[in-house]
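Here is how the chains run, residue by residue.
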Amino acid sequence: MKISCKNIVLIAGGVGGAKLAEGLHSLKDIKLTIIGNIADDEEFHGLRVSPDIDTLTYTLSGMVNRKQGWGVKNDNYKALSILNKLGEETWMSLGDFDFGLHIYRHLRLLKNDRPTIIANDIAKKLGITADIILPTDDKIRTEVKTKSGWISFQEYFVKNRCSPKIVKLKYAGINSAKITKEAKKALIDATLIIIAPSNPLVSIKPIIEIPGFKSIIQKNKKKVIAVSPLIQGKAVKGPATKMLKQLGFKANSFSCMQIYKDICKSFILDKSDEGLEKQFSALNQNSIFTDTFMTSLADKKKLAKFLINLPID
Ligand code: GDP
């Protein structure tokens, strides 16, 4: 069956998720809803910083620093430099534009607006036509256990540059988190749900493991596809391979995609990983191969088009 009404939901993290989001966002005739990860959020200088949601927002609004894949282009760091002079910890790199966005989010939170409404309002005010919504309005925080104890994900990722060995991961607050009504509706109405090529452990799991989220997505398994963030056993960017290995997974697209086996029907892998096909077919799983390495907007658009035109049954 070809998807006629293209009501697409993308479940995404930050940089890898934003690449595919940009491809989908550039297509006409689809309705795109992006459900982003909030488990990397942390409070800095009294403000809630939401790195994955902000990366999606900056990318789709054209404000992103393309060299980094996150942050705002031509940003300055004057606010951070005065905080540093005043003796605050400034290891989290936040630009002045960034601060403006975080202040705005904080003001809306002070008015008791729901985080998902705030995220989507920011997207709309910055000219994004897709909806960017949150899986939950509750707090979930990814924490990493190292030999010196538990630290927040940003402490591991930014402050310690992913150097400590990870022994365990947890998503604090996930069991009591409730799915937002917006995410629930988007998943039910979707004709296709795409899991972006994002880090499965710290970007996707903290979304799909929300109890009310998982039950819906399991019921809709037939319309779920996942794109591997690994190509030939390597992450394009970031610590995914290292984290997978340290937590006992094999660092290849097969083992990475098995994390989604209960919620997903088809797995999209890079052409260069065709050798893995037998492992999927032994489990009666669909493995589909195409170019998944995205550098230009044309690459992103091509992958997005390929995915939305996949026959699903
Ligand atoms: P983060 O939250 O900013 O780390 O971003 P994500 O979790 O969304 O994305 C990180 C993952 O994106 C990494 O595991 C990368 O391997 C993957 N990634 C980045 N660019 C690409 C790409 O062009 N193709 C594929 N297949 N994966 C990519």
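Before reading further, recall that the structure is shown in the block above.
Presented here is a report on the structure given in the accompanying data block. Bear in mind the structure is a predicted one, so any value in this text is a computation, not a measurement.

**Considering the overall build of the protein chain**
Within the protein chain, the regular secondary structure consists of 13 helices and 14 strands. Here the protein chain has a C-alpha radius of gyration of 19 Å; the compact-globule value for 313 residues is 20 Å, and the two agree. Once the C-alpha set of the protein chain is aligned to its principal axes, its extents read approximately 60 × 45 × 40 Å. Within the protein chain, the fraction of its 313 residues that count as buried is 54%. The averaged location of the 31 negative side-chain charges in the protein chain is 3 Å from the averaged location of its 49 positive side-chain charges.

**So, the pattern of salt bridges**
Counting across every chain of the model gives 17 salt bridges. The partner of E89 in a salt bridge is K159, and the shortest N-O contact between them spans 3.4 Å. Separated by 70 residues along the polypeptide, E89 in the loop between α3 (78-85) and α4 (96-110) and K159 in helix α6 (residues 153-159) bring together distant segments of the chain. The residue K170 makes a salt bridge to E143 at a minimum N-O spacing of 3.7 Å.

**A look at the sheet that holds strand β5 (residues 131-133)**
Taken in spatial order, the seven strands make up an open sheet running β5-β2-β1-β9-β10-β13-β14, and their pairing is parallel. Two strands bound the open sheet, and with one partner strand each, they are β5 and β14 (286-290). Geometrically, the sheet is characterised by an average inter-axis angle of 25 degrees between neighbouring strands, direction not taken into account. With five bridges connecting them, strand β13 (residues 266-270) and β14 associate as parallel partners. Across the sheet, D270 pairs through a bridge with T290, a residue of β14. The strands touched by helix α1 (residues 15-25) within the sheet are β1 (7-12), β2 (31-36), β9 (192-195) and β10 (224-227), with β1 carrying the most contacts at an inclination of about 165 degrees. The strands touched by helix α8 (residues 200-208) are β1, β2 and β9; relative to β1, the strand with the most contacts, the crossing angle is about 120 degrees.

**Some remarks on helix α9 (residues 211-219)**
Those residues of α9 that fall on the buried side of the exposure criterion are F213, I216 and I217. Projected down its long axis, α9 shows its buried positions confined to an angular sector of 95 degrees, all on one face. Buried residues along α9 sit against β1, β2, α7 (181-189), β9, α8 and β10.

**Points about the sheet that holds strand β6 (residues 141-146)**
Either a parallel or an antiparallel arrangement is found when strands of a sheet pair, and the pairing is made through backbone hydrogen bonds. Spatially, the three strands line up as an open sheet ordered β7-β6-β8, and their pairing is antiparallel. The two strands at the open ends of the sheet, each matched to only one other strand, are β7 (149-152) and β8 (168-172). On average, each strand axis in the sheet is inclined to that of its neighbour by 30 degrees, with strand direction left out of account. Note that β6 and β8 share five bridges and pair antiparallel. If you follow R141 over to β8, its bridge partner there is A172. Contacts between α8 and the sheet are confined to β6 and β8, with β8 contributing the most and set at about 35 degrees to the helix.

Rules used throughout
- Residues numbered from 1 in each chain as written.
- Predicted model: local features only at pLDDT ≥ 70, side-chain atom pairs only at ≥ 80, totals over all residues.
- Heavy atoms only, no water.
- Helix = DSSP H or I, 4+ residues; strand = E, 2+ residues; numbered from the N terminus.
- Rg over C-alpha atoms; globule rule 2.2 N^0.38 Å.
- Buried < 20%, exposed > 50% of the residue type's maximum accessible area, 1.4 Å probe, protein only.
- Lys, Arg positive; Asp, Glu negative; His and termini not counted.
- Charge placed at Lys NZ, Arg CZ, Asp CG, Glu CD.
- Salt bridge = Lys/Arg side-chain N within 4 Å of Asp/Glu carboxyl O.
- Pairing = 2+ DSSP bridges.
- Axes fitted to C-alpha atoms, helices over the stretch in contact; angles between N-to-C directions.
- Contact = heavy atoms within 4.5 Å.
- Arc of directions from axis to C-beta.

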